[in-house]
Amino acid sequence: MRDFFRKAAEFMQGRYGNDKLNNFILIIAGVLYLINLFVRSPILIIVVLLLLALVVFRVLSTNITKRLYENRRFEAIYKAVFDFFKRQYMKIRDIRTHRYVRCPYCKAQLRLKKRTGIQHISCPRCGKDFKKNILF
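Criteria and thresholds
- Residues numbered from 1 in each chain as written.
- Predicted model: local features only at pLDDT ≥ 70, side-chain atom pairs only at ≥ 80, totals over all residues.
- Heavy atoms only, no water.
- Helix = DSSP H or I, 4+ residues; strand = E, 2+ residues; numbered from the N terminus.
- Rg over C-alpha atoms; globule rule 2.2 N^0.38 Å.
- Patch = residues over 30% accessible without salt bridge, like charges linked within 9 Å, V, L, I, M, F, W, Y side chains within 5 Å.
- Areas by Shrake-Rupley, 256 points an atom, 1.4 Å probe, with all protein chains shown as cover.
- Salt bridge = Lys/Arg side-chain N within 4 Å of Asp/Glu carboxyl O.
- Buried < 20%, exposed > 50% of the residue type's maximum accessible area, 1.4 Å probe, protein only.
- Polar contact = N/O pair within 3.5 Å; in protein donor to acceptor, adjacent residues only side chain to side chain.

*Asks:* Can you tell me about the overall build of the protein chain, naming the residues and giving the values?
*Replies:* Check the secondary structure of the protein chain and you find 4 helices and 4 strands. Going residue by residue from the N terminus, the α and β elements of the protein chain occur as α-α-α-α-β-β-β-β. Relative to the compact-globule value of 14 Å for 136 residues, the protein chain shows a C-alpha radius of gyration of 24 Å, a clear excess of over 25%. Its C-alpha atoms put the protein chain at 70 × 40 × 25 Å along the principal axes.

*Asks:* Give a detailed account of a nonpolar patch on the surface, specifying residues and quantitative values.
*Replies:* Judged by side-chain polarity, Ile-27, Val-31, Tyr-33, Leu-34, Ile-35, Leu-37, Phe-38 and Val-39 come together as a nonpolar surface patch covering roughly 820 Å² of accessible area. Within the secondary structure layout, Leu-34 lies in helix H2 (residues 20-39).

*Asks:* Account for unusual backbone geometry, naming residues and giving values.
*Replies:* Located in the positive-phi region is Arg-40, a residue other than glycine, with phi close to 60 degrees. As for its position among the elements, Arg-40 is in the loop between H2 and helix H3 (42-60). According to the relative accessible area criterion, Arg-40 is exposed, its value standing at 67%. Look at Lys-107: it is not a glycine, yet its phi comes out positive at around 65 degrees. Relative to the elements of secondary structure, Lys-107 occurs in the loop between strand E1 (98-102) and strand E2 (109-113).

*Asks:* Which residues make up the side chain of Gln-119, and what values do they have?
*Replies:* Assignment of secondary structure puts Gln-119 in strand E3 (residues 117-122). On the basis of relative accessible area, Gln-119 is assigned to the buried category, the value being 7%. Within the structure, the side chain of Gln-119 is placed 2.8 Å from the backbone oxygen of Arg-115, a separation counted as a polar contact.

Given below as structure tokens:
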């Protein structure tokens, strides 16, 4: 058994391996496969097989710089989407105690205590002052 793992490690030397993008593609393929259990579509099976082939291709690829670039682009998009949904969750969670406003200069999201009326706000990111009328 030890010899098998040694040979597998030697085979993978110089190859890209696994990353977050591969994990995401595998999750999407799994979800599509589960959907296909109910829908029974041959097109969906072909899509699942193509996604699995893409994962195998990326894992065994020797063009490491290109795979790293693809993964970095994916992680940037993933972070933007994750941060958006995290902000939406925080807005809902804090709806009774805080209000969220954007700085008109640097577009930063600011969290203010819930007080109605005109508030004088100093942005901690850009340092500029502005007024905001909080209605409710």
